[in-house]
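Residue strings, one per chain:
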Amino acid sequence: MDRTIITGGTPLRGEVQISGAKNAALPILASTILGGGECVITNVPRVVDVVTMGKLLGILGAKVHYEDNRAVINAAVITSTQAPYDLVKTMRASVLVLGPLLARWGEATVSMPGGCAIGSRPVNLHLAGLAKMGADVSMEHGYIRAKAKRLTGAQIYCDTPTVTGTENLMMAASLAQGTTVIENAAKEPEIVDLANFLMKRGARIDGAGSDVITIEGVRELHGSDHDVIPDRIEAGTYLVAGAITRGAVTLNRCRPNHMDALLMKLREAGVEMQVDKEQIHLNAASRLKGIDIRTLPYPGFPTDMQAQMVALMTAAEGTSVITETVFESRFMHVEELRRMGADIKVEGNRAVVTGASRLAGAPVMASDLRASAGLVLAGLAAEGTTEILRVYHLDRGYERMEEKLRGLGATISRHKEGTASAEIH
Ligand code: UD1
């Protein structure tokens, strides 16, 4: 299993190019099976989850060709409507093929995603919405089975805003007969990106990005090109990398207008930034102050930036309270940060960080994608060497992270099991 080794303490300086958003690319790729024409998707990040989605679409019978950051997909013919356990267990977002398969092919069998390191993560709202659209949904031997001759438009209310749930229902409704209204929909920029792609293909969608989305079903969708939006979570992670090392970092090709809550919180913590349309210049020369943060659905503070901010707050002066309201057990990184000398107490869904700790490098274990990012950031700031185990989590969602950090001056390398040192480029 790969390990990442970091020697901390160097202020990061320089420019970094932000990749396409994993969480926009995944639903966009899944949605290609809603129609037969060729789809050319650019700015697709080369991360393991995207590769997994490509494999899944291939198993379903679509023709998938990835080259650099471009994906060409043609789903004129589908040979299977089953998403197998082996793939779904490695990536929960596989459930995104449920809505498209059902809407276009009248049936779908998708392995039920299990729990994961950050909580139980049910898909009940995806299923309830599809049932409201007339699908016959059942559970058999760990698989979700859904059938419908043609879905019909419906009024759907989500008890809680769900990102992939909203995406699944929006995709399914695009081919349903009649009009669907999704109320209390999630409002993330990735949902807007998916809606824009579907509309280019002939879908009729109104209100994506607000909490009421109206979809008028059409008979079929055609192929189209699309350029995926920049990854706001990757961008945020590099901002924290600059801040935690007291460096000066410029992010290129990002979308600051998708990052309001994070930018405001970083400023409150004393981080200076100059923001342009597609660029952010960060200068973290001054002292960091402890702040309170509460994760919420968009436009609130993203839960996917929580672990990184806990790491940052260990370096800030004073006490910070970070409240996680989206996922129930998303503090697995805290134990590991404590092993590096951080002073953090977890009380229910709150982490209380007493800052200004001088972190010391240590061997630590990554538990999920964003927790891994939090550990990398702590390692960049720590004195001495940090060794991160189970680093494959990082590869699921960060494109060439070690290479990008080395470009900013970090001392970081990837080691394969059984080798002394093997830098990955
Ligand atoms: C997506 C993101 C993930 C991010 C999360 C929250 C993708 C591929 N993943 O995950 O990176 O951390 O949004 O921003 O885009 N819930 C239910 N029933 C459901 C569905 C969700 O109760 O049927 C609950 C969840 O347990 C959670 C909350 O709703 O408490 C939000 O989850 P959701 O938005 O669905 O997360 P994902 O779409 O899985």
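For the structure itself, look to the data block above.
Parameters at a glance
- Residues numbered from 1 in each chain as written.
- Predicted model: local features only at pLDDT ≥ 70, side-chain atom pairs only at ≥ 80, totals over all residues.
- Heavy atoms only, no water.
- Helix = DSSP H or I, 4+ residues; strand = E, 2+ residues; numbered from the N terminus.
- Buried < 20%, exposed > 50% of the residue type's maximum accessible area, 1.4 Å probe, protein only.
- Contact = heavy atoms within 4.5 Å.
- Near = heavy atom within 4 Å.
- Polar contact = N/O pair within 3.5 Å; in protein donor to acceptor, adjacent residues only side chain to side chain.
- Areas by Shrake-Rupley, 256 points an atom, 1.4 Å probe, with all protein chains shown as cover.
- Salt bridge = Lys/Arg side-chain N within 4 Å of Asp/Glu carboxyl O.

Within the secondary structure, K22 is located in helix 1 (residues 22–31). Classification of K22 by relative accessible area gives buried; the value is 7%. Apart from residues no more than four positions distant in its own chain, K22 is found in contact with P45, V47, D49, D231, L369, R370, R396 and G397.

The next thing to look at is helix 1. Most of helix 1 is tucked away, with nine of its ten residues classed as buried. Taken as a whole, helix 1 has its buried residues at K22, A24, A25, L26, P27, I28, L29, A30 and S31.

What follows covers the site of the ligand. Near the ligand there are 18 residues, and of these N124, T162, T164, D304 and V326 occur at the shortest range. At 2.7 Å from an oxygen atom of the ligand is found a main-chain nitrogen or oxygen belonging to L125. Here an oxygen atom of the ligand and a side-chain polar atom of T164 are 2.6 Å apart. Within the complex, the protein chains bury 83% of what would otherwise be the 740 Å² of accessible surface of the ligand. Contributions of two or more residues to the shell around the ligand are made by helix 5 (124–132) and helix 6 (163–174).

On to the pattern of salt bridges. Scanning the entire structure with this criterion turns up 20 salt bridges. We note a salt bridge from K404 to E234, for which the minimum N-O separation is 2.7 Å. Here the residue K404 occupies a position in helix 14 (residues 401–407), and E234 occupies one in helix 8 (residues 232–244), the gap between them amounting to 170 residues. For the pair shown, K404 and E234 are each scored as buried. Of the charged contacts in the structure, one is a salt bridge between D395 and R414, with a shortest N-O distance of 2.7 Å. You can see D395 sitting in helix 13 (residues 392–395) and its partner R414 sitting in strand 24 (residues 411–415), a full 19 residues away along the chain.

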